[in-house]
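# Coordinate analysis (summary)
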Amino acid sequence: MMGGGQLGRMFCHAAQAMGYKVAVLDPGEPCPAGVVADRHIQARYDDHAALDQLAAQCRAVTTEFENVPADSLNYLARHCRVSPAGSAVAIAQDRILEKAFIRETGVPVAPYVDVRSASDIDAAPAAVFPGILKAARLGYDGKGQVRIQTRQQAKEAFARLHEVPCVLEALQDLKREISIVVVRDAGGRSVVYPAARNEHRTGILAVSSVGARGDDDRLQEQASEMARRIAQRLDYRGVLCVEFFVVGDEKLIANEMAPRPHNSGHYTINACIASQFEQQARVMAGLPLGSPDRLCAAVMLNILGDVWFGGDANADRREPDWMSVLAEPGAKLHLYGKTEARRGRKMGHVTCLGATAAEARGVAATVARALHIPFGN
Ligand SMILES: Nc1ncnc2c1ncn2[C@@H]1O[C@H](COP(=O)(O)OP(=O)(O)O)[C@@H](O)[C@H]1O
Ligand SMILES: [Mg+2]
């Protein structure tokens, strides 16, 4: 596993449950996956001696970290099976390549332009204002993004981003956000999970829900078809998440993709027959894909470091009220073993389960109250 964060940790749990041993390569010490892996190689992602060591110890390699150098994956692929391929990861980690790629598949994206110099902003069509200037590389959780109203503001924002390559994308009037996790194996077979409905707070995923009845069935079908199409055109092997905006008259546009399991797919651990992490292991090992079928309704609440401050900006750090969370029979608590709670840092999540969407929301409301997490209706 390239990367030792929480996604790697949850992968370790799934792969080890199937009897596999896992080695994690990550520069950090300690790191969430490193402490549960059978082996932690503490090294930079481009350290060839460490990559050789990983390749010698592993039959198959994957990634949990979006910004792992594609060259390192290509290097590893000379020695062992690598999924997803470096070529697919290279596209997903660069918004300029990613948007062009998605658009070429025929899946709609928001109007946008590539910005490599200030003159690209001068030449940009009116349709991208007001907009969001997004650094092409290394952004996550809303970082590396600036909302702008005018051309002048876009130029200022570009300067503030140190003139790194960007995309300038039209601000969309979002009705909702959904995401689809698709899993595709080496033989081109694919399975798609139920769409999660996502709510973000300050650019970070806060809540993902599945299982609400009604209007989402048609969108689910369309989004699944689009996600499958993107995976197929990428000749993708592994777990891929595609984020969508629902705009206007229930129209879908693709926002971005992640070449790995996704935060909005954590509900699959507790609510589906096979989790997204189990699927990652299955694809790596060349096993049949598991069933993505959902067994119940679920609402996932992310637990950020803010929870240790009890929602009070000036409070001292204190242990959250896990007793109340765990007193809820439908609540499944996951903590990532990070030692220091910092504001905005993903520390864990709770998946709230119920036979119906209303029941799952009821559990989530209680859990959110106990943790001082805002949770609306
Ligand atoms: N064009 C847009 N219009 C409106 N909201 C947007 C737009 N682009 C991004 N956002 C909001 O910002 C969030 C983060 O943006 P995203 O492009 O997904 O970057 P990140 O890599 O940080 O997840 C989105 O989930 C959405 O809520
Ligand atoms: Mg995103």
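### Thoughts on the site of ligand 1
Around ligand 1, the surrounding shell holds 20 residues, and the nearest of these are Lys134, Gly142, Glu169, Glu177 and Asn255. One nitrogen or oxygen atom from the side chain of Lys134 is found 2.7 Å from an oxygen atom belonging to ligand 1. Between ligand 1 and the protein, one listed contact pairs an oxygen atom with a side-chain N or O atom of His200 at 3.3 Å. Partitioning the shell around ligand 1 into residue classes produces six nonpolar, six polar and eight charged. There are two domains that each give the shell around ligand 1 at least three residues, and those are domain 2 (111-170) and domain 3 (174-371).

### Some points on unusual backbone geometry
Peptide bonds are, in most cases, trans, and in most cases residues other than glycine have a negative phi. Here the amide bond leading from Glu29 into Pro30 is cis, since omega sits at -5°, within 30 degrees of zero. Mapped onto the elements of the fold, Pro30 is located in the loop between β1 (23-25) and β2 (39-41). A cis geometry characterises the amide bond from Phe129 onward to Pro130, with omega recorded as -15°. Turning to its location among the elements, Pro130 is positioned in the loop between α6 (118-122) and β6 (131-135). In this structure, His162 takes a positive phi of about 60° despite not being glycine. For Thr202, which is not a glycine, the phi torsion comes out positive at approximately 45°. Among the structural elements, Thr202 can be located in the loop between β11 (196-201) and β12 (204-210). By relative accessible area, Thr202 is classed as exposed at 75%.

### Let's talk about the coordination of the magnesium ion (ligand 2)
Within the first shell, the magnesium ion (ligand 2) binds the protein through Glu243 (OE), Glu243 (OE) and Glu256 (OE), at distances of 1.9 to 2.7 Å. Residue Glu243 is found in strand β13 (residues 238-247), and its partner Glu256 is found in strand β14 (residues 251-258); the two are separated by 13 residues along the sequence. For the pair formed by Glu243 and Glu256, the shared burial category is buried.

### Thoughts on the environment of Met323
Relative to the elements of secondary structure, Met323 occurs in helix α11 (residues 322-326). Residue Met323 is classed as exposed on the basis of its relative accessible area of 71%. Each C-alpha atom, one on Met323 and one on Phe245, is 36 Å from the other, the two residues being 78 residues apart in sequence.

### Topic: the pairing of strand β8 (residues 166-170)
By the criterion of burial, β8 is predominantly enclosed, with five of the five residues buried. Neither face of β8 is left uncovered, since the one carrying Cys166, Leu168 and Ala170 and the one carrying Val167 and Glu169 both have all their residues buried. Pairing geometry for β6 and β8, over five bridges, is antiparallel. Across the sheet, the residue bridging to Ala135 is Cys166, located in β8.

### Here we look at the sheet that holds β8
Across the sheet, which stays open at both edges, the four strands sit in the order β5-β8-β6-β7 with antiparallel pairing between neighbours. In this open sheet, the two strands that pair with only one neighbour each are β5 (112-115) and β7 (145-148). Between one strand axis and the next, the sheet turns by 20° as a mean value, whatever way the strands run. As defined by bridge partners, β6 adjoins β7 across four bridges and the pair is classed as antiparallel. From the neighbouring strand, Ile132 faces β7, where its bridge partner is Arg147. Here helix α5 (residues 95-104) sits on the sheet in contact with β5, β6, β7 and β8, set at roughly 50° to β8. Across the sheet, helix α7 (residues 151-160) is in contact with β5, β6, β7 and β8; its angle to β7 comes to roughly 165°.

### Section: the packing of helix α1 (residues 6-17) against helix α10 (residues 276-285)
Where α1 meets α10, the axes come as close as 8 Å, and the angle between the chain directions of the two elements is 70°. As the angle between them shows, α1 and α10 are arranged roughly perpendicular. In the packing of α1 onto α10, the handedness of the crossing is right-handed. For the pair α1 and α10, contact is made by Leu7, Met10, Phe11, Ala14 and Ala15 and by Phe277, Glu278, Gln280, Ala281 and Met284, respectively. Partitioning the contact of α1 with α10 into residue classes produces eight nonpolar, one polar and one charged.

### Observations concerning the domain arrangement of the chain
Buried accessible area, meaning the area lost when the parts come together, often serves as the stated size of an interface. Under the domain assignment, the chain is made up of domain 1 (6-82), domain 2 (111-170) and domain 3 (174-371). Summarising the inter-unit geometry, the C-alpha centres of domain 1 and domain 3 are found 23 Å apart. Between domain 1 and domain 3, the residue contacts involve 18 residues of the former and 23 residues of the latter. When domain 1 packs against domain 3, the two sides together hide about 1,700 Å² of surface, and 67% of this comes from carbon and sulfur. There are one salt bridge connecting domain 1 and domain 3. As a salt-bridge pair, Arg260 and Glu66 come within 2.9 Å of each other at their nearest N and O atoms. The interface formed by domain 1 and domain 3 holds six residue pairs in polar contact (both at pLDDT 80 or more) in total.

Calculation rules
- Residues numbered from 1 in each chain as written.
- Chains lettered and ligands numbered in written order.
- Predicted model: local features only at pLDDT ≥ 70, side-chain atom pairs only at ≥ 80, totals over all residues.
- Heavy atoms only, no water.
- Near = heavy atom within 4 Å.
- Polar contact = N/O pair within 3.5 Å; in protein donor to acceptor, adjacent residues only side chain to side chain.
- Nonpolar A, V, L, I, M, F, W, Y, C, P; charged D, E, K, R; others polar.
- Domains from an automatic or database assignment.
- Helix = DSSP H or I, 4+ residues; strand = E, 2+ residues; numbered from the N terminus.
- Buried < 20%, exposed > 50% of the residue type's maximum accessible area, 1.4 Å probe, protein only.
- Donors = N, O, S within 2.8 Å, 3.2 Å for Na, K, Ca; no water.
- Pairing = 2+ DSSP bridges.
- Axes fitted to C-alpha atoms, helices over the stretch in contact; angles between N-to-C directions.
- Contact = heavy atoms within 4.5 Å.
- Parallel < 35°, antiparallel > 145°, perpendicular 65-115°, else oblique.
- Left-handed = near helix turned anticlockwise from the far one by under 90°.
- Buried area = accessible area lost by both parts, 1.4 Å probe.
- Salt bridge = Lys/Arg side-chain N within 4 Å of Asp/Glu carboxyl O.

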